[in-house]
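Given next are the chains, with one letter for each unit.
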Amino acid sequence: MSMMPSNTLPIQQVEDNSLGHFLYGLMSAFPLFFVPVLLSLWFNLIQKNINPDSVLGSHLRWQRMSIIGLCPFFIAGYWLSPLWLSLPMYILGVSWFSYRIFKGWISLNDGLAV
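Residues numbered from 1 in each chain as written. Predicted model: local features only at pLDDT ≥ 70, side-chain atom pairs only at ≥ 80, totals over all residues. Heavy atoms only, no water.

Under an unreviewed UniProt entry, the name given to the protein chain is DUF4870 domain-containing protein, and the source organism is Shewanella vesiculosa.

Structure representation (C-alpha cells):
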C-alpha cells in the first residue's frame, strides 16, 4: 500500500534545451557575415542522439528549415541584377529569418514544440 497522496502528479522528465538556446543565439548573430549561422547549421546537423519527436528535436528541424529557407531569398537577390529588385529580396529574406528565430526561440523558452 502506497503512502502517496492522491493529489500528486507523476514526475515529468525535464529535457535540457540549452543546445537549442545556444543555436538560436548563433542564428541571431547572422549580421556577422552569416558565419554564426553556418556554425549553427553544422552543430545542428551533427546532433544524432536527439529524439526527433521531442521539443528539442522539433526546434532543431525548425532551425534547419529556417537556414535552408533563407537560401532562396539570397540566391534570388543575387541573380536579380538591378538593386531595386535585389534589395527587397534581401530585406524580405532577413525579415522572414528574423521572424523564424524570434518565434522559435520564444517557443523553446516556453517549452513548446514548433
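Trainee: Could you clarify how one ought to interpret the environment of S58 in this entry?
Mentor: For S58, the location among the structural elements is in helix 3 (residues 55-79). The exposure class assigned to S58 is buried, which follows from its relative accessible area of 4%. Reaching out from S58, the side chain makes a polar contact with the backbone nitrogen of V114 at a distance of 3.3 Å. (Helix = DSSP H or I, 4+ residues; strand = E, 2+ residues; numbered from the N terminus. Buried < 20%, exposed > 50% of the residue type's maximum accessible area, 1.4 Å probe, protein only. Polar contact = N/O pair within 3.5 Å; in protein donor to acceptor, adjacent residues only side chain to side chain.)

Trainee: Can you help me understand the packing of helix 2 (residues 35-45) against helix 3 in this one?
Mentor: Running from N to C, helix 2 and helix 3 cross one another at 140°; their axes reach a closest spacing of 10 Å. Relative to helix 3, the element helix 2 lies oblique. Considering the relative orientation of helix 2 and helix 3, their crossing is left-handed. On helix 3, the residues that touch V37, S40, L41, N44 and L45 of helix 2 are L60, Q63, R64 and I67. (Axes fitted to C-alpha atoms, helices over the stretch in contact; angles between N-to-C directions. Parallel < 35°, antiparallel > 145°, perpendicular 65-115°, else oblique. Left-handed = near helix turned anticlockwise from the far one by under 90°. Contact = heavy atoms within 4.5 Å.)

Trainee: Is there a simple way to explain the environment of D16 in this structure?
Mentor: Position of D16 relative to the elements: it lies in the segment before helix 1 (18-28). A relative accessible area of 57% means that D16 is categorised as exposed. In this structure the C-alpha to C-alpha distance between D16 and V55, which are 39 residues apart in sequence, comes to 9.8 Å. One polar contact links D16 to S18, side chain to side chain, over a distance of 3.0 Å.

Trainee: Is there a simple way to explain the environment of S107 in this structure?
Mentor: Within the secondary structure layout, S107 lies in helix 4 (residues 83-109). As a C-alpha pair, S107 and V55 span 52 residues in sequence and 9.5 Å in three-dimensional space. When near neighbours in sequence (up to four residues on either side) are disregarded, S107 contacts H59, L112 and V114.

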